[in-house]
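Structural overview
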Amino acid sequence: MEFSVSSINKFLFFKLPSAYWTGVRLRSISDTTAITTVRHKWVNQNPFRSMYFAVQAMAAELSTGALVMKKIQESGAPISMLVAQNNSVFVKKATGKISFTCVDGYPLDEAMRKAIETKEGVTIWMKSVGVDEKGDEVSVFNFEWTLKVRVKK
């Protein structure tokens with residue numbers, strides 16, 4: 001699969017439809033940064049007239065996971081990826097368009113290098129910060145990704 005914003009959003013449609021239908025989209029990705037967005041609307045709201053926490057989590061996870069997917073594809077190594085843990089802090093009601101940004105590309109490079117060299121499992125914590133259209137922080141998510149080279153037996 002060609003790695004691009006449109007291919008990842010197509011991937012969402014077929015493999016993570018709940019994220020796609022609630023409005024989660026990858027907006028940009030580089031070697032160091034991934035940005036996702038989601039707009040508060042009826043289908044993703046909670047009873048308190050703001051975005052449901054799980055929708056924010058999907059958008060935040062995608063900003064970290066898309067970087068992991070990109071680095072795995074670029075490495076050419078058969079590496080598995082899985083979230084082992086996560087935590088979050090909610091600062092403000094999420095309304096309007098929320099952007100989640102992960103800037104952990106460089107630490108991820110080091111984790112990938114270590115996983116490939118040692119053939120052992122490696123974990124890395126990656127952070128995604130959600131801000132609203134005014135630039136105010138609404139939530140912060142941390143995901144612990146496990147990376148492991150699949151060894152043929």
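All residue numbers refer to position in the chain's written sequence, counted from 1. Given that the model is predicted, a residue must reach a pLDDT of at least 70 before its local features are reported, and side-chain atom pairs must reach 80 or more before they are shown or counted; all residues, however, enter totals for whole chains, interfaces and linings. Side-chain numbers come from the whole structure's heavy atoms, not from hydrogens or water.

Concerning the packing of aromatic side chains
- To pair, rings of Phe, Tyr and Trp, with the six-membered ring standing in for Trp, must have centres within 6.5 Å; the planes then decide the type, stacked if under 30 degrees apart, edge-to-face if over 60, and tilted in the middle. Tallied over the entire structure, the rule returns eight aromatic pairs.
- Residues Phe100 and Phe141 carry aromatic rings whose centres are separated by 6.0 Å and whose planes lie at 70 degrees to one another, so their mutual orientation is edge-to-face. Linking Phe100 in strand 4 (residues 97–102) with Phe141 in strand 6 (residues 137–149), this pair joins segments that are 41 residues apart in sequence.
- By relative accessible area, Phe141 is classed as buried at 1%.
- With a centroid separation of 6.1 Å and 5 degrees between ring planes, the pair formed by Phe141 and Phe143 is classed as stacked. A single burial state applies to Phe141 and to Phe143, both of which are buried.
- A network of ring pairs unites the aromatic residues Phe13, Phe14, Tyr20 and Trp21 as a single cluster.
- Cation placement over rings: the criterion is NZ of Lys or CZ of Arg within 6 Å of the ring centroid and within 35° of the ring normal. It is Arg25 that lies over the ring of Tyr20; its NZ or CZ is 3.8 Å from the centre. A run of DSSP states H or I qualifies as a helix once it reaches four residues; a run of E qualifies as a strand once it reaches two. Both are numbered from the N-terminal end. Residue exposure (1.4 Å probe, protein chains only): buried if accessible area is under 20% of the type maximum, exposed if over 50%, otherwise partly exposed.

Let's talk about a nonpolar patch on the surface
- Any residue with relative accessible area above 30% and no salt bridge may belong to a patch, with like charges joined within 9 Å and the nonpolar Val, Leu, Ile, Met, Phe, Trp and Tyr side chains within 5 Å. Values of accessible area rely on a 1.4 Å probe in the Shrake-Rupley scheme; residue burial ignores everything except the protein chains shown. One side-chain nitrogen of Lys or Arg within 4 Å of one carboxyl oxygen of Asp or Glu is enough to make a salt bridge. Residues Phe13, Phe14 and Trp21 make up a contiguous nonpolar surface patch of roughly 370 Å² in combined accessible area.
- Relative to the helices and strands, Phe14 resides in helix 1 (residues 5–15).

A short note on helix 1
- Taken as a whole, helix 1 has its buried residues at Ser7, Ile8, Asn9 and Leu12.
- Each element contacted by the buried residues of helix 1 is listed here: helix 2 (17–21), strand 1 (25–29) and helix 3 (53–75). Only heavy atoms matter for contacts: two residues are in contact if any of them lie within 4.5 Å across the pair.

Observations concerning unusual backbone geometry
- Within the chain, Arg49 stands out as a residue other than glycine whose phi angle is a positive 65 degrees.
- Within the secondary structure, Arg49 sits in the loop between strand 2 (34–39) and helix 3.
- The phi angle at Lys119 is positive, at roughly 60 degrees, despite the residue not being glycine.
- Along the chain, the position of Lys119 falls in the loop between helix 4 (105–118) and strand 5 (122–131).
- Judged by its relative accessible area of 44%, Lys119 is partly exposed.

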